[in-house]
Amino acid sequence: MTPPRVLTTAAQFRTALTETVLALPAREGGRPPVVGLVPTMGALHEGHAALLDAAHATADVVIASLFVNPLQFDDPEDHRLYPRDMDGDLALLAAHGAQLVFAPSTEEMYPGHPDGPLVTVTAGGLGRRYEGAHRPGHFDGVATVVTKLFSIMAPPAPAALEAWFGRKDAEQVAVIARMVEDLSLPVRVRTVPVVRDEHGLAMSSRNRRLSDDDHTSALSLSRTLTELRGRAAAGEPLDVDGLSAALHARDDVDLDYLVVADPRTLRPADLTDEGTLTGPALGLIAARVGGVRLIDNMDLEPLTRNEEHLP
Ligand code: PAF
């Protein structure tokens, strides 16, 4: 298990990546090498391990970033409390074969912070839906830092860059995919499904801040989505309002939203007059449990016409 090289400045990282890519053996058929990037905010867990493993399957070199991006926190206290664990992170990165890690300081990423940066990327309407509406500026902060990471961590031509993101952050994936398209960034966005613990809770760095009781309460998020998925598949009315009311009635869960959205546009999904699903959709939920903000989502598939006629 070789520990990754950790670089803290953009200049050092670029030099190390160029050396690494130029040292790669030539590929069959002269195919250009692929660099797999896993951008993270640290406090790594099994979800990040899945991203690194997926990156390995298609890349010649796997690289990662560790940076708790202040621009994407609307609440400074949330930024302060975000878990940090450099030693644990480097152990996981080594175990999953990351070769180079970019771990900049805030000053390196945003010279002049907290007054800068002046020029940022905005996520537009897509960034103001659910998480974006509850955390103003969050997706602008994500879009800005990811653009910077893509720029700093881009390999020398002709190597190609593939960037990996978890589908737990479904809105983030939609924003980044759209940003790459709109800004013509030379990056291929790839995703892995939500990774859950043995009880069904979606893996998140924030889970470290949950007590045992909070963890039990937090399971109500995935259970609600599982209930929605069951109703969708059975062709039953989804009754999102009823499920939301049940969560609002609990005093251990502070629900922000439960919505059923179109998976591509993230606009509210079309339902029939009876409230059943008309096409594939995404159930999205966010709530605060024990003071920790959690999000989760699940794919919802409607009952198909053929299935309707089965005995
Ligand atoms: O998903 C995350 O950990 C962050 O939002 C990201 C993409 C690393 C940007 O800071």
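Just above sits the structure.
The structure presented is a predicted model; accordingly, all values stated were derived computationally and were not measured.

Engineer: I'd like a description of the packing of helix H7 (residues 138–152) against helix H8 (residues 170–182), backed by residues and values.
Structural biologist: Closest axis-to-axis distance for the H7/H8 pair is 10 Å, and the angle between their directions is 55 degrees. Accordingly, the angle class assigned to the pair H7 and H8 is oblique. The chirality of how H7 crosses H8 is right-handed. Along the contact surface, H7 presents Phe139, Val142, Ala143, Val146, Thr147 and Phe150, while H8 presents Glu171, Gln172, Val175, Ile176, Met179 and Val180. Taken together, the residues of the contact of H7 with H8 sort by class into 9 nonpolar, 2 polar and 1 charged.

Engineer: I'd like a rundown of empty space enclosed by the protein, residues and numbers included.
Structural biologist: Under the criterion given, the structure shown has 3 cavities of 30 Å³ or more. Its volume calculated, the largest cavity comes out at about 750 Å³. Met41, Tyr82, Lys168, Asp169 and Gln172 are the residues nearest the centre of the largest cavity, which is lined by 41 residues in total. Secondary-structure elements contributing two or more residues to the lining of the largest cavity are strand E2 (34–40), helix H2 (46–58), H7, strand E5 (160–166), H8 and strand E9 (292–300). Sorting elements by how many residues they give to the lining of the largest cavity places H7 first, with 6 residues. Taken together, Glu131, Lys168, Asp169, Ala170, Glu171, Tyr257, Leu284, Ile285, Ile295, Asp296 and Asn297 make up the lining of the second largest cavity. Put simply, the parts of the chain that give the lining of the second largest cavity at least two residues each are H8, strand E8 (281–289) and E9.

Engineer: Tell me about the site of the ligand, residues and numbers included.
Structural biologist: Taken together, Pro39, Thr40, Met41, Gln72, Val145, Val146, Phe165, Asp169 and Gln172 make up all the residues around the ligand. Gln72 has a polar side-chain atom sitting 2.6 Å from an oxygen atom of the ligand. At 2.7 Å from an oxygen atom of the ligand is found a side-chain nitrogen or oxygen belonging to Gln172. Notes on the ligand: free accessible area 290 Å², of which the protein chains cover 89%. The cavity where the ligand resides is the largest cavity. Every element with two or more residues in the shell around the ligand is listed here: E2 and H7. Per-class residue counts for the shell around the ligand are 5 nonpolar, 3 polar and 1 charged.

Criteria and thresholds
Residues numbered from 1 in each chain as written. Predicted model: local features only at pLDDT ≥ 70, side-chain atom pairs only at ≥ 80, totals over all residues. Heavy atoms only, no water. Axes fitted to C-alpha atoms, helices over the stretch in contact; angles between N-to-C directions. Helix = DSSP H or I, 4+ residues; strand = E, 2+ residues; numbered from the N terminus. Parallel < 35°, antiparallel > 145°, perpendicular 65-115°, else oblique. Left-handed = near helix turned anticlockwise from the far one by under 90°. Contact = heavy atoms within 4.5 Å. Nonpolar A, V, L, I, M, F, W, Y, C, P; charged D, E, K, R; others polar. 1 Å grid on protein atoms, 1.4 Å probe; cavity = no way out; pocket = protein on both sides within 12 Å on 5 of 7 lines; lining within 4 Å. Points joined across faces, edges and corners; volume = space filled by probe spheres on them. Near = heavy atom within 4 Å. Polar contact = N/O pair within 3.5 Å; in protein donor to acceptor, adjacent residues only side chain to side chain. Areas by Shrake-Rupley, 256 points an atom, 1.4 Å probe, with all protein chains shown as cover. Sits in = over half its atoms within 2 Å of the grid points.

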